[in-house]
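So you can see what is in the structure, the chains are spelled out below.
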There are 2 protein chains.
Amino acid sequence: MRVTIEDVAIKAKVSVNTVSRALNGKDGVSEKTREKIIRIAQEMNYRPNILARSMRQNRSDFVGVSVLDIGNSVFTKMIKGIEKVLMDDSLSIIIGNSDEDVDKERHYLETMLSTNCRGIIISHVNSSGLKFLRHERIPFVVLDRDTQKFECDQVYVDNNKMGYLATKHLLDLGHRDIVFINKESEFDTDHRRRVEGYLQALNEHGLQNMAHVYSCLDAEQGKKTVQEIWKKETQPTGIVIGQHSVAEGVIMMLTQLRIKIPTELSVVIIGEPSWASILTPGFTTIERPLELVGSKAAKLLLDRTQGKIKGDYISYVVSSSLVVRESTGPPPG
Amino acid sequence: MRVTIEDVAIKAKVSVNTVSRALNGKDGVSEKTREKIIRIAQEMNYRPNILARSMRQNRSDFVGVSVLDIGNSVFTKMIKGIEKVLMDDSLSIIIGNSDEDVDKERHYLETMLSTNCRGIIISHVNSSGLKFLRHERIPFVVLDRDTQKFECDQVYVDNNKMGYLATKHLLDLGHRDIVFINKESEFDTDHRRRVEGYLQALNEHGLQNMAHVYSCLDAEQGKKTVQEIWKKETQPTGIVIGQHSVAEGVIMMLTQLRIKIPTELSVVIIGEPSWASILTPGFTTIERPLELVGSKAAKLLLDRTQGKIKGDYISYVVSSSLVVRESTGPPPG
DNA sequence: CTGAAAGCGCTAACAG
DNA sequence: CTGTTAGCGCTTTCAG
């Protein structure tokens with residue numbers, strides 16, 4: 001059996017109450033007694049049972065974090081940001097990996113609730129999870145996902161702006177024929193926003209009739225899309241790729257077709273593939289400050305649970321940034 | 001306030017005890033009462049407080065997982081394997097991110113212990129963390145790290161074999177002048193083992209005097225090492241790079257120097273950089289089955305905590321595998 | 001088959 | 001300044 005507060009009390013010849021106060025730095029204990037108790041507690045290697053404390057205080061030191069894929073570094077970078085903030089408040093993270101599965105997500109949310117956690121940070125599968133949390137009246141913050149019509153605290157990156165920035169960069173370089181290769185996914189509207197940003201940038205240049213959007217589910221379809229485009233009579237001079245996994249396929253096929261980047265074709269990738277800076281040429285990207293998204297979300301949740309923020313839901317919109325590398329240049333000719 | 005077992009008991013007009021038994025599927029409740037209780041519990045949206053349960057049963061449903069860097073996908077892939085196994089037993093993961101900092105690791109280990117967790121899976125910073133856990137008599141399994149002389153349950157990949165496989169592959173292709181570019185780190189002996197595998201392979205071919213090992217702390221030093229090597233009179237025809245981040249620097253510099261892969265130089269990377277398959281040429285790698293390492297570790301921990309395994313510590317050694325892509329071929333000439 | 005009561009380890013309220 | 005007592009929500013005796 002582990003050492004309990006009572007064991008310490010007996011050894012120190014005081015009441016458990018006094019031990020509790022001494023160890024928690026509360027008033028009502030003489031310095032002498034406090035020191036003695038702290039010394040004895042250390043000697044006995046006493047470690048408070050935080051489950052018991054949580055029970056008594058009716059709130060636990062856990063925060064739930066549910067993500068779509070724990071194996072994806074996009075999420076773990078955000079978790080890193082979360083972790084840094086929560087660490088300062090001695091809060092622990094309970095991880096849930098939904099694998100983009102509604103039932104699995106629900107399972108983890110239930111578990112988190114069962115631990116009486118302070119709140120939940122979630123990158124949700126679809127709105128059902130959020131509705132559940134709302135119904136359970138637990139504070140939560142949505143991470144880097146568009147909640148559509150569902151109002152709640154959230155921190156996200158302006159996806160529209162990502163598409164806009166990428167397209168604008170190519171337009172500024174003089175490109176007029178720019179294609180957007182989109183990542184299509186069932187629930188996610190974030191990618192649609194990127195397309196909207198693309199369209200908006202074209203519109204501003206009066207090029208709305210030059211818009212060409214292709215949608216791909218994965219890298220494989222990215223390859224096929226490139227083949228398809230290069231079978232046509234004329235080819236674009238610029239491509240914006242909406243997401244990294246699709247980009248992998250696109251780049252592979254472009255390389256196979258021996259299309260020269262950036263002399264024949266300029267390429268911008270939305271996202272932060274780890275290989276963007278390693279490839280030759282390095283790829284121009286639109287990157288999100290992932291750790292910042294995580295830390296902002298954690299702070300927002302803490303402020304909410306601590307009552308520092310009350311009332312209306314808050315949306316923090318974090319900016320993405322254009323990182324120019326070698327895959328973009330002026331159009332040929 | 002959340003719905004408690006007592007609320008359900010009152011509504012169902014039975015004792016809390018009966019509710020507990022009914023909901024936990026224990027005997028001593030008539031089917032009729034059980035059904036009624038289950039129905040009422042659902043209606044009331046009752047959810048057991050697992051903290052209270054844990055207190056009473058004196059064991060919690062948590063498992064601690066401490067890793068060196070949560071932002072690194074190597075670890076999160078292992079976590080994914082862990083998660084899949086623990087999910088089946090309805091256990092929750094408490095994450096600790098040590099950031100390779102002994103104090104931070106210790107902090108998280110203490111927290112995990114405070115939750116009365118079943119056990120801990122850890123990729124440790126150095127042996128002090130392990131000694132602490134041993135002293136606390138908590139079951140733990142070490143993840144993908146060489147514990148050196150410290151005996152304990154562990155699951156790891158044979159690092160020696162990784163170095164051996166990489167070198168052997170080049171030797172089989174006919175290379176004789178093979179350089180090893182090593183990742184050097186303060187605590188980690190895993191990379192040293194990879195060097196040993198390299199040396200062993202050379203020895204088997206009577207090439208021990210051809211061994212050249214360079215050590216780098218990071219990508220930057222990887223670049224410099226390449227410059228250094230290519231200033232010499234003769235250059236190797238094959239390179240084994242011990243780790244992915246060093247590899248990034250090495251590859252960048254090789255590209256800058258316009259060294260043709262694989263015609264002039266063959267390259268094998270130990271590890272699983274995400275870009276290995278995307279680059280042209282794709283890089284031949286020695287890869288670890290990371291999810292498997294995680295799931296094996298989780299199973300081992302469960303077996304240990306459940307008493308299915310008793311006595312001596314177990315080391316599972318998982319095999320790595322050679323993935324041949326385009327960066328390796330016969331030596332020039 | 002069911003209920004009453006004890007108690008897990010801790011903190012908060014109240015008393016001295 | 002310190003101690004006594006109650007109780008967080010649950011499961012586990014022990015009685016009926």
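Quantities reported herein were computed from a predicted structural model and do not represent experimental measurements.

Peer 1: Hey, could you run me through the relation of the copies chain B and chain A in this one?
Peer 2: Relating one copy of the chain to the other requires a rotation about an axis plus a shift along that axis. Rotating chain B by 180° and translating it 0.1 Å along the rotation axis places it on chain A, where the RMSD comes to 0.2 Å. Given the turn and translation reported, the copies of this chain are related as if by a two-fold rotation axis. Residue by residue, 100% of the interface of chain B is reproduced at the interface of chain A, so both copies engage with the same surface.

Peer 1: Could you clarify how one ought to interpret the protein's contact with DNA strand C in this entry?
Peer 2: Near DNA strand C you find 26 residues, and of these A:Ile5, A:Asn17, A:Tyr46, A:Arg56 and B:Asn17 are the closest. Atoms of DNA strand C within 4 Å of the protein: sugar and phosphate make up 60%, bases the balance. Interatomic distance of 2.5 Å between a side-chain N/O atom of A:Tyr46 and a phosphate oxygen of DNA strand C. In this structure, B:Arg56 approaches DNA strand C through a side-chain N or O atom, which is 3.3 Å from a base nitrogen. Residue assignment for the surface near DNA strand C shows that the elements contributing at least two residues are α2 (16-23) and α4 (50-57) of chain A together with α2 (16-23) and α4 (50-57) of chain B. Within the surface near DNA strand C, the residues separate by chemical class into nine nonpolar, 12 polar and five charged.

Peer 1: Explain the packing of helix α10 (residues 219-229) of chain A against helix α11 (residues 244-256) of chain A to me, please; I cannot follow it from the model alone.
Peer 2: Each pair of packed helices can be described by the angle between their axes along with the distance between the axes. Residues and elements named next belong to chain A. Remark: α10 packs on α11, axes separated minimally by 7 Å, with the N-to-C direction vectors making an angle of 40°. Taken together, the axes of α10 and α11 lie oblique to each other. Here α10 runs over α11; the crossing is right-handed. Contacts from Ala 219, Gly 222, Lys 223, Val 226 and Gln 227 in α10 reach Ser 245, Val 246, Gly 249, Val 250, Met 252, Met 253 and Leu 254 in α11.

Peer 1: Teacher, can you tell me more about the protein's contact with DNA strand D here?
Peer 2: In the vicinity of DNA strand D lie 26 residues, with A:Asn17, A:Arg56, B:Ile5, B:Tyr46 and B:Arg56 positioned nearest. Each atom of DNA strand D within 4 Å of the protein was assigned to sugar, phosphate or base; sugar and phosphate come to 58%. The separation between a phosphate oxygen of DNA strand D and a polar main-chain atom of A:Ser30 is 2.8 Å. A distance of 3.3 Å separates a base nitrogen of DNA strand D from a polar atom in the backbone of B:Ala52. Secondary-structure elements contributing two or more residues to the surface near DNA strand D are α2 and α4 of chain A together with α2 and α4 of chain B. Here the surface near DNA strand D takes four residues from α4(B), the largest share from any one element.

Peer 1: Whenever I open this one, the sheet that holds strand β5 (residues 153-157) of chain A confuses me. Can you help?
Peer 2: Paired through backbone hydrogen bonds, the strands of a sheet run either parallel or antiparallel to each other. The strand order across the open sheet built from 12 strands is β11(A)-β5(A)-β4(A)-β3(A)-β1(A)-β2(A)-β2(B)-β1(B)-β3(B)-β4(B)-β5(B)-β11(B), with neighbouring strands paired in mixed fashion. Edge positions in the sheet fall to β11 (315-318) of chain A together with β11 (315-318) of chain B, since each of these pairs with one other strand and no more. Adjacent strand axes in the sheet meet at a mean angle of 20° when their direction is disregarded. Pairing between strand β4 (residues 140-143) of chain A and β5(A): three bridges, direction parallel. Within β5(A), the position partnered with A:Val141 by the bridge is A:Asp153. The sheet strands contacting helix α5 (residues 73-88) of chain A are β1 (62-67), β2 (92-97), β3 (119-122) and β4 of chain A together with β2 (92-97) of chain B, and the helix crosses β1(A) at an angle near 170°.

Peer 1: Got a minute to help me understand the packing of aromatic side chains in this structure?
Peer 2: According to the stated counting rule, one finds seven aromatic pairs over all chains in the structure shown. Residues A:Phe180 and A:Tyr198 carry aromatic rings whose centres are separated by 5.2 Å and whose planes lie at 50° to one another, so their mutual orientation is tilted. Linking A:Phe180 in strand β6 (residues 178-183) with A:Tyr198 in helix α9 (residues 190-204), this pair joins segments that are 18 residues apart in sequence. Relative to B:Phe283, the ring of B:Trp275 lies with its centre 6.1 Å away and its plane at 85°, an arrangement referred to as edge-to-face. Residue B:Trp275 shares its accessibility class with B:Phe283, and that shared class is buried. A cation over a ring is seen here: A:Arg106 above A:Phe132, with NZ or CZ 3.7 Å from the ring centre. The residue whose ring lies beneath A:Lys296 is A:Tyr316, and the NZ or CZ to ring-centre distance is 4.7 Å.

Peer 1: Looking at this structure, how should I read the side chain of B:Arg304?
Peer 2: Residues and elements named next belong to chain B. Among the secondary structure elements, Arg 304 is positioned in helix α12 (residues 290-305). Under the relative-accessibility criterion, Arg 304 is labelled buried at 15%. At 2.9 Å, the side chain of Arg 304 and the backbone oxygen of Asp 312 are in polar contact. Setting aside anything within four residues of it in sequence, one finds Arg 304 in contact with Pro 139, Asp 153, Ile 309, Lys 310, Gly 311, Asp 312, Tyr 313 and Ile 314.

Peer 1: How should the interface of chain B and chain A be read in this particular structure?
Peer 2: The extent of an interface is frequently quoted as the accessible surface area lost upon association of the parts. Counting residues at the interface gives 53 residues for chain B, matched by 53 residues for chain A. Interface area, chain B with chain A, both sides summed: about 4,700 Å², of which 60% is carbon and sulfur. Counting the surface chain B buries against chain A, the share from its top three residues, B:Arg47, B:Leu51 and B:Ile278, is 14%. Here chain B is connected to chain A by 10 salt bridges. One salt bridge in this structure joins A:Lys80 and B:Asp99, with 3.8 Å as the shortest N-O distance. At the junction of chain B with chain A, the criterion picks out 23 residue pairs in polar contact (both at pLDDT 80 or more). At the level of elements, α4, α5 (73-88), β2, α6 (102-114), α7 (127-135) and α11 (244-256) of chain B are the ones that each hand at least two residues to the side of chain B that touches chain A. It is α5(B) that contributes the most residues to the side of chain B that touches chain A, eight residues altogether. In terms of residue class, the side of chain B that touches chain A is built from 20 nonpolar, 21 polar and 12 charged. Looking at chain direction, β2(A) and β2(B) are connected through three bridges and run antiparallel.

Peer 1: Would you mind showing me how to read the sheet that holds strand β6 (residues 178-183) of chain B here?
Peer 2: Residues and elements named next belong to chain B. Across the sheet, six strands lie side by side as β7-β6-β8-β9-β10-β12; this open sheet has mixed pairing. Single-partner strands in this sheet number two, and they are β7 (212-216) and β12 (321-323). The mean angle between the axes of side-by-side strands here comes to 20°, regardless of whether they run parallel or antiparallel. For strand β10 (residues 284-287) and β12, the ladder comprises three bridges, and the chain directions are antiparallel. Residue Thr 285 lies in a different strand from β12, and its bridge partner there is Val 323.

Peer 1: Looking at this model, I keep getting lost on the packing of helix α1 (residues 5-12) of chain A against α2(A). Mind explaining?
Peer 2: Residues and elements named next belong to chain A. Where α1 contacts α2, the two axes come as close as 8 Å, and the packing angle between them is 105°. For the element pair α1 / α2, the angle class is roughly perpendicular. Within the contact between the two elements, α1 uses Ile 5, Glu 6, Val 8 and Ala 9 and α2 uses Val 16, Val 19 and Ser 20. The class makeup of the residues in the contact of α1 with α2 is five nonpolar, one polar and one charged.

Peer 1: Got a minute to help me understand the environment of A:Lys77 in this structure?
Peer 2: You can see A:Lys77 is positioned in helix α5. Considering only alpha carbons, one finds A:Lys77 and A:Val63, 14 residues apart in sequence, at a separation of 17 Å. If sequence neighbours within four positions are ignored, A:Lys77 has contacts with A:Leu290, A:Glu291 and B:Gly71.

Peer 1: What's the story with α5(B) in this structure? I'm lost.
Peer 2: An α-helix turns once every 3.6 residues. As a result, residues three or four positions apart point the same way. All names here are of chain B. End to end, α5 covers 23 Å across 16 residues, agreeing with the expected 22 Å (1.5 Å per residue, within 8%). With 12 of 16 residues buried, α5 lies mostly within the body of the structure. Along α5, the residues classified as buried are Val 74, Phe 75, Thr 76, Met 78, Ile 79, Lys 80, Gly 81, Ile 82, Glu 83, Val 85, Leu 86 and Met 87. The opening residue of α5 is Asn 72, an N-cap whose side-chain oxygen sits 2.8 Å from the backbone nitrogen of Val 74. Where α5 terminates, the next one or two residues include Ser 90, which has phi positive at roughly 55°.

Thresholds applied
Residues numbered from 1 in each chain as written. Chains lettered and ligands numbered in written order. Predicted model: local features only at pLDDT ≥ 70, side-chain atom pairs only at ≥ 80, totals over all residues. Heavy atoms only, no water. Least-squares fit on C-alpha atoms with pLDDT ≥ 70 in both. Contact = heavy atoms within 4.5 Å. Near = heavy atom within 4 Å. Polar contact = N/O pair within 3.5 Å; in protein donor to acceptor, adjacent residues only side chain to side chain. Helix = DSSP H or I, 4+ residues; strand = E, 2+ residues; numbered from the N terminus. Nonpolar A, V, L, I, M, F, W, Y, C, P; charged D, E, K, R; others polar. Axes fitted to C-alpha atoms, helices over the stretch in contact; angles between N-to-C directions. Parallel < 35°, antiparallel > 145°, perpendicular 65-115°, else oblique. Left-handed = near helix turned anticlockwise from the far one by under 90°. Pairing = 2+ DSSP bridges. Phe/Tyr/Trp six-rings, centres within 6.5 Å; stacked < 30°, edge-to-face > 60°. Buried < 20%, exposed > 50% of the residue type's maximum accessible area, 1.4 Å probe, protein only. Lys NZ or Arg CZ within 6 Å of the ring centre and 35° of its normal. Buried area = accessible area lost by both parts, 1.4 Å probe. Salt bridge = Lys/Arg side-chain N within 4 Å of Asp/Glu carboxyl O. Expected span 1.5 Å × (residues − 1).

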